[in-house]
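Residue-level listing of the chains:
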Amino acid sequence: MRKIECDVAVVGAGPAGLAAAGRAKAAGAGRVLLIERDRELGGILQQCIHNGFGLHLFGEELTGPEYAYRFITENQAAGVEVLLGTMVLEVRPDRRLYAINRRDGMLEIQAGAVILAMGCRERNRGAVTIPGTRPAGIFTAGTAQRFVNMEGFMPGRRIVILGSGDIGLIMARRFAWEGAKVEGVFEIMPYSNGLTRNVVQCLHDNDIPLYLSHTVVEIHGQERVEGVTVAKVDEKLTPIPGTERRVPCDTLLLSVGLIPENELSRDANIELDPVTGGPVVSDEMETSLPGIFACGNVVHVHDLVDNVTRESWLAGEGAARLVQGRQPRGPLLNTRAGEGIRYVVPHRLHLANLKERETTLYMRVREPAEHVRIEALLDGEPILSVRERVVRPAEMVSVKIPPGSIPEGRTATELTLRVVKEGERG
Amino acid sequence: MERLKADVVIVGAGIIGTAIARELARYELEVFLVEKEADVACGSTKANTAIVHAGYDAHPGTWKARLNVRGNAVFPQICRELEVPFKQTGTLVVALKEDEVPHLYELLERGHVNGVPDLEIIGREELLCREPNVNPKAVAALWAPTGGIVNAWELAIAQAENAVENGVKLLLQQPVTRIELEDGRVRTVFTPDFAIETRFVVNAAGRYSDEVARLVGQENFRIVPRKGEYYVFDKRFGHMANCPLFPVPTAISKGILVTPTVEGNLLIGPNAQDLEDKEDLRTTPAGLKEVLTQALELMPDLPVKDAITNFAGLRAVAKPSNDFVLGPAPGVPNFINAAGIQSPGLTAAPAVAEEVRDHLQEAGLELHGKKKFNPYRKRITPFRELSREEQAKLIEQDPRYGQIVCRCETVTEAEVVQALHRPVPCTTMDGVKRRTRAGMGRCQGGFCTPRVAAILARELGLSLDEVTKKGGASKLLLGRTKDILLSEEEAEAHA
Ligand SMILES: Cc1cc2nc3c(=O)[nH]c(=O)nc-3n(C[C@H](O)[C@H](O)[C@H](O)COP(=O)(O)OP(=O)(O)OC[C@H]3O[C@@H](n4cnc5c(N)ncnc54)[C@H](O)[C@@H]3O)c2cc1C
Ligand SMILES: Cc1cc2nc3c(=O)[nH]c(=O)nc-3n(C[C@H](O)[C@H](O)[C@H](O)COP(=O)(O)OP(=O)(O)OC[C@H]3O[C@@H](n4cnc5c(N)ncnc54)[C@H](O)[C@@H]3O)c2cc1C
C-alpha cells in the first residue's frame, strides 16, 4: 500500500474540485492533491459541449470543456498535483483517504484538510416509480449525454423526455440537432424545472413541445422501449383518469432531478442536511467534521457553474486557512430557511467573517413568485432586503451580505431568510 | 441444422433446469441443457423473493410440502460448494391482531406434520426485541430458524457453471419448438439450430412447461401466470429487517412481506394476481400501491422515498393441481416433467432435481457415477467485500481491479471481465449485472452503463451499438451520431 502525505486532498475534479484545489494552493497550502476517478479533469463539464458556461464569472459564453480548461491550466501552472483514474473509496474522520487506481494500486493518503467535491448523480426510474415494463432504452439524461457527446452513439431516434431539468432540456435540443424526433418534454409540475434560458433556447427554438402538469404513467415494450403512456396530473400531482395518451417512442430520457453524491460523507458520519442531501457546512465550507470541507454539487445542486466556482473558492481558502492555523475564531450563528425558502447554504456563519467580508447565501424558493423581496433577519430583526422580479425553484437565488452589515459588538444566533410579497410588510 | 446425440435433454435453464443439470453431471451421461433466452436464470428465477422457506406453508401430502423441507435441509451445503451467498436468518410470521394468533398455531401444526424442525411461537416482547422495526401493534409470531435468504439467480448461474464444468452442454438462445415421438417415446428435440436425438427429455420450462408438454401431446395441466410486484430499497435500509417478515398468509399467497436481501437491500412484495399473458412483467400503479400499503402494515417506518427500483415476477401455477407437476407424461415414459414449479420452487429445487433423477432411473436411464465430478465452483470474488489489504494485493496482481466500473456497488473492471469469460457465456448487460451487481445499486446503471457496455463490446469483439440489455432486440444504442443526418442527406441526393 503506497502512502502519501499532503496538505490538502480534493476528492473530485469537476469545476468544484478544480476551483477549490487552485484556490487552496494560491492561498498558501503546500502540497495540494486533486483526485479524480474519471480519465480526465473537468467532471460533468467534459460532456457539456454546449455553451453557456462562465457568463457571470468571465462575461463569456464558454462550453463546458472550455470552462474547465481555464482552471486546468491555471492549476497546472500553480503546481496542483493530479491523480487521474483514481477512485476514493473511503474518507476517514482523521482525514485519511483510501483510493485506488491501476498504476499505484491502493493509496493511503493522509491530508491536513480534505475537500469533498464529488458532484451529484441523477435520480432514476426507481426514485420516481414509473410502472410498466423494463426494456432497453431508458436512460437518465446525463447518461444519454455521455453516450452522444463522448462516445458518439445515439441512445435512440424517437425520444420522450420526462422531467424538464436542465440536462433534459439540453439533450432535447442535442437529439433534435442529430435528426432524432423529440416527441416532447413532460413535466409533472405546473412550471419548468430548468432555467428559462434553456426552455427558450432548447425547446422553443427547436419546436419541441413542453407539456406541463403531465407525467409518464407507463412504459411499454418488452425488449426495447416501444412507447409510453402519458397523462395529465391534478394539483396533487396524481394522474387524471381519462387523460392518458400513448406516445410511440424508442427511448425515454429521465431528467427528474439530481442528488448530491454523498456516499463518502455518509460513511464518514458527516452531518447531512435532509433538504439539500448534502453536508451541513459553515461559511468556510467546512462540514461537521473539522478539517473536512465540501463544495459544489455535493453540497447542494447548482444550476450555474459560476456559483459552483465561487463557492469552491471559499472551500479552497478555508482549507488553506485551516492548514496554516488561520481559521476564524469566535461565535457562529445558524442560517434558517424561513417562509417561502426551501433551504439556505451555508448553514453556519462565523460572526467574524460576516463582519470582515462579503458573505453570499445561496437558497432556493419553494414556489415560483413575481415581485417579491428576499429578506434577511438577524434574530428577527431585518438587516437586508433584496428585490427580485421573479423567483423560481429552478433558479438558485443568492443574497450578498456586505461586510459591516452587522453592527460592531453585536452578537446573534440566527439569520433567517424569507420571501416577502412586494407591497406586504414583513 | 446440426444433429446432436444426447442421453438427456433438459428444457429450460432456470433454478430447476440448472439443478437437474448439476445433479445429472454427477453421472456418465451426455446431457444438454437447452434455454430459449440469451442467458440462464431469465425466467421466474430472476424475479422472486429469494427466500429459502422453512416449509410450514404447504399442505401436507403435496409435492410442495415434501420437497420444501428436503430442499431446505441441503441448502447450506449446496451454497457452500457453489460459493453462493446464503444466510440462514430464520423467518418470522407476524400476527398483527389477536385473532390472527390461531393461524400461527395452525402453521405450527402444519410445520410439525411437514417435518419442519425447531418451530416456535414467540411473544410480542421477544419479537420486538429481535425486530425493532416491526409494527409495535404486533402480538405474536411464528419463528422458523431454518428459513433463510439466498441469491436466487446466482445460485442458478452457479449450478449451470458447475454443470458445464462437469461436462453438461449448454445451448442458449435455442427455444425447443418441436419434439418428435416414435412409438410413444420421445426421439428428437428440435430447436432453431439443432436436432437433438435423445433418450430422455426433462421439461423444466417454467411458465411454458405446459406448452412444452403439449409438444408430446400432454394436455392435462395448464400454467396460469400469477404476477407478484416488488419494491427494492436502498442498501442503507437493509438492516431494518433482520430476517424475512411475513404477515399471516392469505388463501392464495404467503402475503406481502418485508425482507432483507442477502446482498443487503430491503425488499417488499409480492402481491398476487392471476393473468393470461405469460410475459406480462409490467409493474402497475395498483399493484405497487397494494404492495406498499400492506408492507407498511408490517413495518410502518419503511423508507418509502428511498426505493431504488420496482419489478415484477410471474409464478407458474399449474392448474388444476395447484402443485408441482413431477414425473413422466402420461403415455410418454421418457418425457419427465418438472413443471409448474411455483413457490417454494427455489427452495425445493435440490429435492426436485433428485426426484427427477430417480424418475429418469425408473424409466430406464442407467446412472454410473463420474469419478471426476467436482462439486465445487469458485465465485467471482466481490472486491467490495475485501479488506483494504486484500484489495491492495488484488490490484497488484491485476491492475483492472484498480478501476471502479460501478460506483454504487464498488464493482471493478476485473470482475466484469471475469464475468464475461466463465463456463456459462455472458453476453448482455443484464448478465453482467446479475453476475457482478454492476447497475444494481442506487443509481441503477446511470454511472456504469457506458462503462460496462464498453468493456462488454471490447471483450466480445462487438461494436458498442451491438450490445444488448438482455439479448434479442434489446439493443442499448440505436446507431452512431450523424447516422440519421447522413441517411437524410443521402435520401435527398437520390430524390
Ligand atoms: C448536464 C449539465 C448541464 C449543465 N449546463 C450548465 C450550463 O449550461 N451553464 C452553467 O453555468 N452550468 C451548467 N450546469 C451546472 C454546473 O456545470 C454543475 O453544477 C457543475 O458541473 C457541478 O460541479 P461539481 O464539481 O460540483 O460536480 P461535477 O462536475 O459532477 O464533478 C464531480 C467530480 O467528482 C468526481 N468524483 C466523484 N466521486 C469521486 C470519488 N469517490 N473519487 C474520485 N473522484 C470522484 C467525478 O468523477 C466528477 O469528475 C450543468 C450541469 C449539468 C449536469
Ligand atoms: C413472485 C414470486 C416469488 C417467489 N418467491 C419464492 C421464494 O421466496 N422462495 C422460493 O423458494 N420460491 C419462490 N418462488 C418460486 C421460484 O421462483 C420458482 O419456483 C422457480 O424460480 C422456478 O424455477 P424454474 O426453473 O421452474 O422456472 P424459470 O426460472 O422460469 O425457468 C424456466 C426456463 O425455461 C425456459 N424456457 C421456457 N420455454 C422454453 C422452451 N420452449 N425452450 C427452451 N427454454 C424454455 C425459460 O426461458 C426459463 O429460463 C417465487 C416465484 C415468484 C414468481
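On a predicted model such as this, the values are computed, not experimentally measured, just so you know. (Residues numbered from 1 in each chain as written. Chains lettered and ligands numbered in written order. Predicted model: local features only at pLDDT ≥ 70, side-chain atom pairs only at ≥ 80, totals over all residues. Heavy atoms only, no water.)

Draft legend 1. Up close: the overall build of chain B. Helix and strand content of chain B: 13 helices and 22 strands. If one aligns the C-alpha atoms of chain B with their principal axes, the spans along those axes are about 75 × 60 × 55 Å. In chain B, buried positions account for 62% of the 495 residues. Contacts spanning at least 24 positions in sequence make up 74% of the contacts within chain B whose residues lie at least 6 apart. Of the roughly 19200 Å² of accessible surface on chain B, 50% is carried by carbon and sulfur atoms. Of the charged side chains in chain B, 60 are positive and 67 negative, and the gap between their average positions amounts to 1 Å. (Helix = DSSP H or I, 4+ residues; strand = E, 2+ residues; numbered from the N terminus. Buried < 20%, exposed > 50% of the residue type's maximum accessible area, 1.4 Å probe, protein only. Contact = heavy atoms within 4.5 Å. Areas by Shrake-Rupley, 256 points an atom, 1.4 Å probe, with all protein chains shown as cover. Lys, Arg positive; Asp, Glu negative; His and termini not counted. Charge placed at Lys NZ, Arg CZ, Asp CG, Glu CD.)

Draft legend 2. How the structure looks around the nonpolar core. A:Val8, A:Ile109, A:Ile115 and A:Leu116 are the most contacted members of the largest nonpolar core, which totals 64 residues. Looking at which element gives the most residues to this core, the answer is strand E8 (residues 105–116) of chain A, with seven residues. (Core = buried A, V, L, I, M, F, W, Y, C linked by side-chain atoms within 4.5 Å.)

Draft legend 3. Structural view of the site of ligand 1. Residues and elements named next belong to chain A. Neighbouring ligand 1 are 34 residues; Ala16, Glu36, Ile44, Asn297 and Val305 lie closest to it. Separating an oxygen atom of ligand 1 from a backbone N or O atom of Pro15 is a distance of 3.3 Å. Asn297 is positioned with one of its backbone polar atoms (N or O) 2.7 Å from an oxygen atom of ligand 1. Coverage of ligand 1 by the protein amounts to 95% of the 1000 Å² it exposes when considered alone. At the level of elements, helix H1 (15–26), strand E3 (51–53), strand E6 (87–91) and helix H9 (305–323) are the ones that each hand at least two residues to the shell around ligand 1. (Near = heavy atom within 4 Å. Polar contact = N/O pair within 3.5 Å; in protein donor to acceptor, adjacent residues only side chain to side chain.)

Draft legend 4. Inspection of the pairing of strand E15 (residues 257–260) of chain B at higher detail. The alternating pattern of E15(B) places B:Leu257 and B:Thr259 on one face and B:Val258 and B:Pro260 on the opposite face, and all of these are buried. Connecting E15(B) to the antiparallel partner strand E16 (residues 266–269) of chain B that follows it, the hairpin turn spans five residues, and B:Gly264 within it adopts a positive phi of roughly 105°. (Pairing = 2+ DSSP bridges.)

Draft legend 5. Layout of the site of ligand 2. Residues and elements named next belong to chain B. Among the 38 residues in the neighbourhood of ligand 2, the closest are listed as Glu35, Thr45, Ile51, Ile341 and Thr347. Ile341 places a main-chain nitrogen or oxygen 2.6 Å from an oxygen atom of ligand 2. Measuring from an oxygen atom of ligand 2, one finds a side-chain N or O atom of Thr347 at 2.6 Å. Bound to the protein, ligand 2 loses 96% of the 1000 Å² it would expose on its own. Sorting the residues of the shell around ligand 2 by element identifies helix H1 (15–24), strand E18 (307–319) and helix H8 (345–362) as the ones contributing at least two each. Among the residues forming the shell around ligand 2, the class breakdown is 19 nonpolar, 15 polar and four charged. (Nonpolar A, V, L, I, M, F, W, Y, C, P; charged D, E, K, R; others polar.)

Draft legend 6. Highlighting the sheet that holds strand E11 (residues 158–162) of chain A. All names here are of chain A. The sheet built from five strands is open, its strands ordered E10-E17-E11-E12-E13 with parallel pairing. The sheet is open, and its two borders are formed by strand E10 (138–140) and strand E13 (210–212), each paired with just one other strand. When strand polarity is set aside, the average angle formed by the axes of neighbouring strands in this sheet is 20°. Bridging between strand E12 (residues 181–187) and E13 involves three bridges; their strand directions are parallel. Among the inter-strand pairings, Val185 is bridged to a residue of E13, identified as Leu210. Across the face of the sheet, helix H6 (residues 166–177) comes into contact with E11, E12 and strand E17 (251–254) while running at roughly 165° to E12. (Axes fitted to C-alpha atoms, helices over the stretch in contact; angles between N-to-C directions.)

Draft legend 7. Looking closely at the environment of B:Leu326. All names here are of chain B. Its place among the elements puts Leu326 in strand E19 (residues 325–329). Classification of Leu326 as buried rests on a relative accessible area of 13%. Taking the C-alpha atoms as reference points, Leu326 and Tyr230, 96 residues apart in sequence, are found 29 Å from one another. Once residues lying within four places of it in the same chain are set aside, the contact partners of Leu326 are Trp63, Leu67, Asn337, Ala338, Val352, Glu355, Val356 and His359.

Draft legend 8. Layout of the pattern of salt bridges. Tallied over the entire structure, the rule returns 72 salt bridges over all chains. One salt bridge in this structure joins A:Glu414 and A:Arg336, with 3.2 Å as the shortest N-O distance. Placement of the pair is A:Glu414 in strand E27 (residues 414–421) and A:Arg336 in strand E20 (residues 332–337), with a sequence separation of 78 residues. In this structure A:Glu414 comes out as partly exposed when scored by relative accessible area, which is 28%. The partner of B:Lys5 in a salt bridge is B:Glu197, with the nearest N and O atoms 3.4 Å apart. Of this pair, B:Lys5 sits in strand E1 (residues 2–11) while B:Glu197 is found in strand E12 (residues 194–203), placing the two residues 192 residues apart along the sequence. (Salt bridge = Lys/Arg side-chain N within 4 Å of Asp/Glu carboxyl O.)

Draft legend 9. Layout of the packing of H1(A) against H9(A). All names here are of chain A. Running from amino to carboxyl end, H1 crosses H9 at an angle of 40°, the nearest separation of the two axes being 7 Å. In terms of crossing hand, the pair formed by H1 and H9 is right-handed. Residues Pro15, Ala16, Ala19, Ala20, Arg23 and Ala24 of H1 form the contact with H9, whose participating residues are Val305, Val308, Thr309, Ser312, Trp313, Gly316, Glu317 and Ala320. In the contact of H1 with H9, the residues fall into nine nonpolar, three polar and two charged. (Left-handed = near helix turned anticlockwise from the far one by under 90°.)

Draft legend 10. Quick peek at the packing of helix H2 (residues 63–82) of chain B against H8(B). Residue and element names in this part refer to chain B. It is at 6 Å that the axes of H2 and H8 come closest, and there the two elements cross at 100°. The pairing of H2 with H8 is recorded here as roughly perpendicular in orientation. Only Leu346, Thr347, Ala348, Pro350, Ala351, Val352, Glu354 and Glu355 of H8 make contact with H2, whose side of the interface consists of Trp63, Leu67, Asn68, Arg70, Gly71, Asn72, Val74, Phe75 and Ile78. Broken down by class, the residue content of the contact of H2 with H8 amounts to 10 nonpolar, four polar and three charged. (Parallel < 35°, antiparallel > 145°, perpendicular 65-115°, else oblique.)

Draft legend 11. Expanded view of the sheet that holds strand E3 (residues 51–52) of chain B. Residue and element names in this part refer to chain B. An order of E3-E8-E4 is seen for the three strands of this open sheet, with the pairing classed as antiparallel. Of all strands in the sheet, those bounded by a partner on one side alone are E3 and strand E4 (86–87). Of the pairings in the sheet, the one linking E3 to strand E8 (residues 148–150) comprises two bridges and is antiparallel in character. Residue pairing in the sheet places Ile51 in a bridge with Ile149 of E8.

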